[in-house]
Amino acid sequence: MTTSRDSEGAHRPVSKVPAGGSSQTMISMTNVQKHFGDLHVLKDVDLEVPAGQVVVILGPSGSGKSTLCRTINRLEPIDSGEIRIDGKLLPAEGKTLAALRADVGMVFQSFNLFAHKTILQNVTLAPMKVRGKSKADAEKRGMELLERVGIASQRDKYPAQLSGGQQQRVAIARSLAMEPKVMLFDEPTSALDPEMVNEVLDVMVSLAKEGMTMLVVTHEMGFARKAADRVIFMADGAIVEDDEPETFFTNPKSDRARDFLGKILGH
Ligand SMILES: Nc1ncnc2c1ncn2[C@@H]1O[C@H](COP(=O)(O)OP(=O)(O)OP(=O)(O)O)[C@@H](O)[C@H]1O
Ligand SMILES: [Mg+2]
């Protein structure tokens, strides 16, 4: 673990150098460039995330937050630069890519559960197919995870029979079932009715406290203040601020960030 907790339960990055090596970097992006046609969507992005760190990504619509997340598990190829997960270069394609992608869990705004599979099947399918787990092992672990996100009693239902908040918690359990090293969340609560937001954020906060390396695109400032070690602010495809949450929220350096914060905190 590379974080420590202060009295309020938030954790702060602590530089920790294991014997014989440099401190463990879980996500590393170097000089990453990405275009969609003429549109330059990621402009020379450099980002290092140590193991166990929780990073919240903020920025106006179209600034490249989703694209950044999607390049990290190769849902989007990059034009140039380098992305490493736990020191390993992301391969272009093939079997190694499938394995590396399994190291990176991703939870989206829309839950994307398999509609014709039960809740438990949703959580056991990939561990059996991709990780080669036996059905018994996958179900044992699947039930532990459903327990953990508070949905174990719904195991035999289908996604449409669950509320949005419950479905999103299943989606988180399904990602965790692959034993990922990194979890990416792209606006995981923005499609939810307000009364269901907290049940999902609570699961994310507990994951953060357990030391999961997380990259979270969210407008939930409460989550950012409570669980983030670091806030990254993007504008026009570039990272323009990178700071501790308190510093970012109380003393943003750029006009873009001040303007953005004024808009989201102003109502
Ligand atoms: N598949 C695509 N093809 C072409 N352009 C795209 C594609 N995906 C995203 N873009 C463009 O890339 C830019 C960055 O988009 P991205 O979705 O990463 O922004 P974002 O910061 O996640 O925005 P939002 O807050 O609205 O989700 C936008 O201008 C968008 O229109
Ligand atoms: Mg987006």
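You'll find the protein entered in an unreviewed UniProt entry as ABC-type polar-amino-acid transporter, with Williamsia limnetica given as the organism. Within the UniProt record for the protein, the comment given under Sequence similarities (unreviewed entry) is "Belongs to the ABC transporter superfamily." Turning to the protein, the UniProt annotation filed under Subcellular location (unreviewed entry) states: "Cell membrane".

Caption draft 1: Spatial organisation of the site of ligand 1. Around ligand 1, the structure places F36, L39, V41, P60, S61, G62, S63, G64, K65, S66, T67 and E187. G64 places a polar main-chain atom, nitrogen or oxygen, 3.0 Å from an oxygen atom of ligand 1. Between ligand 1 and S66 there is a distance of 2.8 Å, counted from an oxygen atom to a side-chain nitrogen or oxygen. Contributions of two or more residues to the shell around ligand 1 are made by β4 (39-50) and α1 (65-72). Split into classes, the residues belonging to the shell around ligand 1 amount to four nonpolar, six polar and two charged.

Caption draft 2: Focus on the pairing of strand β11 (residues 230-235). The buried count for β11 comes to six of six residues, which makes it a mostly enclosed element. A two-sided burial pattern is seen for β11, the buried positions comprising R230, I232 and M234 on one face and V231, F233 and A235 on the other. In terms of strand pairing, strand β5 (residues 54-58) meets β11 through four bridges, oriented parallel. Directly across from V56, in β11, lies its bridge partner V231. Pairing between β11 and strand β12 (residues 238-243): five bridges, direction antiparallel. Residue pairing in the sheet places F233 in a bridge with E241 of β12. Hairpin connection from β11 to β12: two residues lie between these consecutive antiparallel strands, with D236 at a positive phi of about 50°.

Caption draft 3: Region of interest: the environment of K133. As for its position among the elements, K133 is in the loop between α3 (119-129) and α4 (135-148). We classify K133 as partly exposed; its relative accessible area is 25%. Residues in contact with K133, not counting those within four places in the same chain, are P127, M128, A138, R141, A177 and E179.

Conventions adopted
- Residues numbered from 1 in each chain as written.
- Chains lettered and ligands numbered in written order.
- Predicted model: local features only at pLDDT ≥ 70, side-chain atom pairs only at ≥ 80, totals over all residues.
- Heavy atoms only, no water.
- UniProt positions renumbered as here; feature names shortened; annotations may be inferred.
- Near = heavy atom within 4 Å.
- Polar contact = N/O pair within 3.5 Å; in protein donor to acceptor, adjacent residues only side chain to side chain.
- Helix = DSSP H or I, 4+ residues; strand = E, 2+ residues; numbered from the N terminus.
- Nonpolar A, V, L, I, M, F, W, Y, C, P; charged D, E, K, R; others polar.
- Buried < 20%, exposed > 50% of the residue type's maximum accessible area, 1.4 Å probe, protein only.
- Pairing = 2+ DSSP bridges.
- Contact = heavy atoms within 4.5 Å.

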